Amino acid sequence: MLIEYLLNGTEVVKDYILSLGYKAVVAMMLLMILLFFFPIVSSLPIQMLAIIAYGVWGATTIVALSFAIASQIVYLINRNYTYLTDSPKKRQKREELENKIKNSQLNIYVVLFFAYSVPGIPFLLISSVAAVSRIKWWKYTLFTLIGPIPEIVVTLLIGNQVVNSTPLASAIMLGVIITLVILSLLSLVFLLIAVAVGI
């Protein structure tokens, strides 16, 4: 009964969010920016609220802008704060990492494109790698703004189906989403282990 009420009571939620005006959009964006830095906590509930109130394309705009702003914060921290606070030893390690990325046979743009195309990889990780790679700011901005959009749109379209379907279909869809996220995270863990041991 509760699930059915929640699914069928979306109009009440929509009316409430819309009654808040711009405050709801600002609150959603601030929460998603905060959660960007804590990828263990999902921002999906906020994205679902954005879908209910503003539709898929409105929600896409809100989510994409939130993640783009968060990526700019990552860039600023990487380029300024870390260099002011790093010890000489940490700075040397950072420079070595930058040189490895720069001299790698893998093109950083191909790596970023691949990372954005694999669901489940935290956008914080991708933004951090892009910032460390020392690519130009406008290229970083372009990649971190456009790169996540396909995954955001797919996630929101699935979320829209969940919100607008029957409780049973929603439960099945949520099960599929959770399974895909777990598999993606496991593949990421195995990839990181392989890189760590030098496979």
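Values in this document were obtained by computation on a predicted structure and should not be read as measured data. (Residues numbered from 1 in each chain as written. Predicted model: local features only at pLDDT ≥ 70, side-chain atom pairs only at ≥ 80, totals over all residues. Heavy atoms only, no water.)

What to know about the overall build of the protein chain
Rules: Helix and strand definitions follow DSSP, with helices as H or I runs of at least four residues and strands as E runs of at least two, each counted in order from the N terminus. Only protein chains enter the accessibility calculation, which uses a 1.4 Å probe; a residue is then buried when its area is under 20% of its type maximum, exposed when over 50%, and partly exposed in between. Only heavy atoms matter for contacts: two residues are in contact if any of them lie within 4.5 Å across the pair. Here the open area of atoms and residues is found with the Shrake-Rupley method and a 1.4 Å probe, where only the protein chains shown may cover a residue.
Scanning the protein chain from terminus to terminus reveals ten helices and zero strands. Ordering the α and β elements of the protein chain from the N terminus gives α-α-α-α-α-α-α-α-α-α. Counting only residues that meet the buried cut, the protein chain has 35% of its 199 residues in that class. Within the protein chain, counting contacts between residues at least 6 apart in sequence, those at least 24 apart form 74% of the total. Within the structure as shown, the protein chain displays about 12600 Å² of accessible surface, and the carbon and sulfur contribution to it stands at 74%.

Brief notes about a nonpolar patch on the surface
Quick reminder of the rule: What goes into a patch is any residue over 30% in relative accessible area without a salt bridge, connected to like charges within 9 Å or, for nonpolar side chains (Val, Leu, Ile, Met, Phe, Trp, Tyr), within 5 Å. Whenever a carboxyl oxygen of Asp or Glu lies within 4 Å of a side-chain nitrogen of Lys or Arg, that contact is scored as a salt bridge.
Together, Leu65, Trp137, Trp138, Leu142, Leu145, Ile146 and Ile149 line one region of the surface with nonpolar side chains, adding up to about 670 Å² of accessible area. For the nonpolar patch, the element with the most residues is helix H8 (residues 137-146), which contributes five residues. Relative to the assigned elements, Ile146 resides in helix H8. Given a relative accessible area of 48%, Ile146 falls into the partly exposed group.

Side note on the side chain of Ser43
Where we set the bar: Any pair of nitrogen or oxygen atoms within 3.5 Å is treated as a polar contact; in protein, a donor-acceptor pairing is required on top of that, and neighbouring residues in sequence qualify only through side-chain atoms on both sides.
Structurally, Ser43 can be placed in the loop between helix H3 (22-36) and helix H4 (44-85). Since its relative accessible area comes to 10%, Ser43 is described here as buried. A distance of 2.8 Å separates the side chain of Ser43 from the side chain of Gln47, its partner in a polar contact. When near neighbours in sequence (up to four residues on either side) are disregarded, Ser43 contacts Met32, Leu35 and Phe67.

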